[in-house]
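Letter by letter, the chains look like this.
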Amino acid sequence: VQLQASGGGLVQSGDSLRLSCAASGRTFSGYAMGWFRQAPGKEREFVAAISWNGGSTYYGDSVKGRFTISRDNAKNTVYLQMNSLKPEDTAVYYCAAHIGVVTLSRGRVHYWGQGTQVTVSS
C-alpha cells in the first residue's frame, strides 16, 4: 500500500483543517487506517485510527472531541478533520495502515505515508 498525505498548512488557533490520505496498491478496504504525528523533539504520537469498514474508531487522549477520522473506501481515502486546533497540535502528521485497528492504535504499522506539516499559530 502506498500512502500519500495532503492538506497540511499554517492556521491560527481555533481554526479547522482537514487532512487527506490517498492510498494505492493493495486493497485499501482491507486495512485499518490511522494518523500519527510528531512534533520537533518529541516522539511520534498516535492520533486516530479507523477500522476497515469505518465501524470502529480510536483517538488519542489529546485530540478526543476535536478530531474526527473517517474513510471513503470508494475513493481509497482516509480523512482527519481537525477542529479547535491548538498550538500544541503543531506537528508533522503521518498516515499509516495496518490490518488490525487495535494494533494500529497501539503503534504497530505495516505501511507509512509521507508526512504533511500542520502548524498552528497562537
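Everything that follows concerns the structure shown earlier in this document.
Attention here is on the structure that accompanies the text.

What the protein contains, in helices and strands, is one helix and ten strands. Reading the protein from its N end, one meets helices and strands in the order β-β-β-β-β-β-β-β-β-α-β. Over its C-alpha atoms the protein spans a radius of gyration of 13 Å, differing by no more than 12% from the 14 Å that the globule rule assigns to 122 residues. Its C-alpha atoms give the protein principal-axis dimensions of roughly 40 × 25 × 25 Å. Relative to its full complement of 122 residues, the protein shows a buried share of 42%. If you take every contact in the protein between residues at least 6 apart in sequence, the share linking residues at least 24 apart comes to 57%. If you average the places of the 12 positive and of the 7 negative side-chain charges in the protein, the two averages end up 8 Å apart.

Among the secondary structure elements, T77 is positioned in strand β8 (residues 77–82). Excluding its chain neighbours within four sequence positions, the residues that come into contact with T77 are S20, C21, A22, F28, R71 and D72.

Moving on, we come to the packing of aromatic side chains. This structure, assessed with the given rule, holds four aromatic pairs. Members of the aromatic cluster, each reached through a chain of ring pairs, are F36, F46, Y94 and W112. The ring of F28 has R71 lying over it, and the distance from NZ or CZ to the ring centre is 4.4 Å.

As a further point, take the environment of R26. With respect to the helices and strands, the residue R26 is situated in the loop between β3 (17–24) and β4 (32–38). On the basis of relative accessible area, R26 is assigned to the exposed category, the value being 56%. Among all residues touching R26, those that are not within four sequence positions of it are V1, Y31 and Y111.

It is worth spelling out the state of the cysteines at this point. According to the stated counting rule, one finds one disulfide in the structure shown. Across the disulfide, C21 is cross-linked to C95 (sulfur-sulfur distance 2.2 Å). Its S-S torsion of approximately 55 degrees makes the covalent link between C21 and C95 right-handed. Of this pair, C21 sits in strand β3 while C95 sits in strand β9 (residues 91–98), and the two are 74 residues apart along the sequence. Taken individually, C21 and C95 each receive the classification buried, so the pair is uniform in this respect.

Looking now at the pattern of salt bridges. A full pass over the atoms with the stated rule returns four salt bridges. Taking the shortest distance from any N to any O, the salt bridge between R37 and E45 comes out at 2.8 Å. Through salt bridges with shared partners, a single network forms among R37, E45, R66 and D89.

Right, let's talk about the sheet that holds strand β1 (residues 2–6) for a bit. Spatially, four strands are ordered β1-β3-β8-β7 in an open sheet, and the strand pairing comes out antiparallel. Every interior strand has two partners, whereas the edge strands, β1 and β7 (67–72), have only one. Strand-to-strand, the axes of this sheet are offset by a mean angle of 15 degrees, without reference to chain direction. Strand direction decides the pairing type here: β7 and β8, joined by six bridges, are antiparallel. Residue pairing for β8: I69 is matched across the bridge by L80.

How each quantity is defined
- Residues numbered from 1 in each chain as written.
- Predicted model: local features only at pLDDT ≥ 70, side-chain atom pairs only at ≥ 80, totals over all residues.
- Heavy atoms only, no water.
- Helix = DSSP H or I, 4+ residues; strand = E, 2+ residues; numbered from the N terminus.
- Rg over C-alpha atoms; globule rule 2.2 N^0.38 Å.
- Buried < 20%, exposed > 50% of the residue type's maximum accessible area, 1.4 Å probe, protein only.
- Contact = heavy atoms within 4.5 Å.
- Lys, Arg positive; Asp, Glu negative; His and termini not counted.
- Charge placed at Lys NZ, Arg CZ, Asp CG, Glu CD.
- Phe/Tyr/Trp six-rings, centres within 6.5 Å; stacked < 30°, edge-to-face > 60°.
- Lys NZ or Arg CZ within 6 Å of the ring centre and 35° of its normal.
- Disulfide = S-S within 2.5 Å.
- Salt bridge = Lys/Arg side-chain N within 4 Å of Asp/Glu carboxyl O.
- Pairing = 2+ DSSP bridges.
- Axes fitted to C-alpha atoms, helices over the stretch in contact; angles between N-to-C directions.

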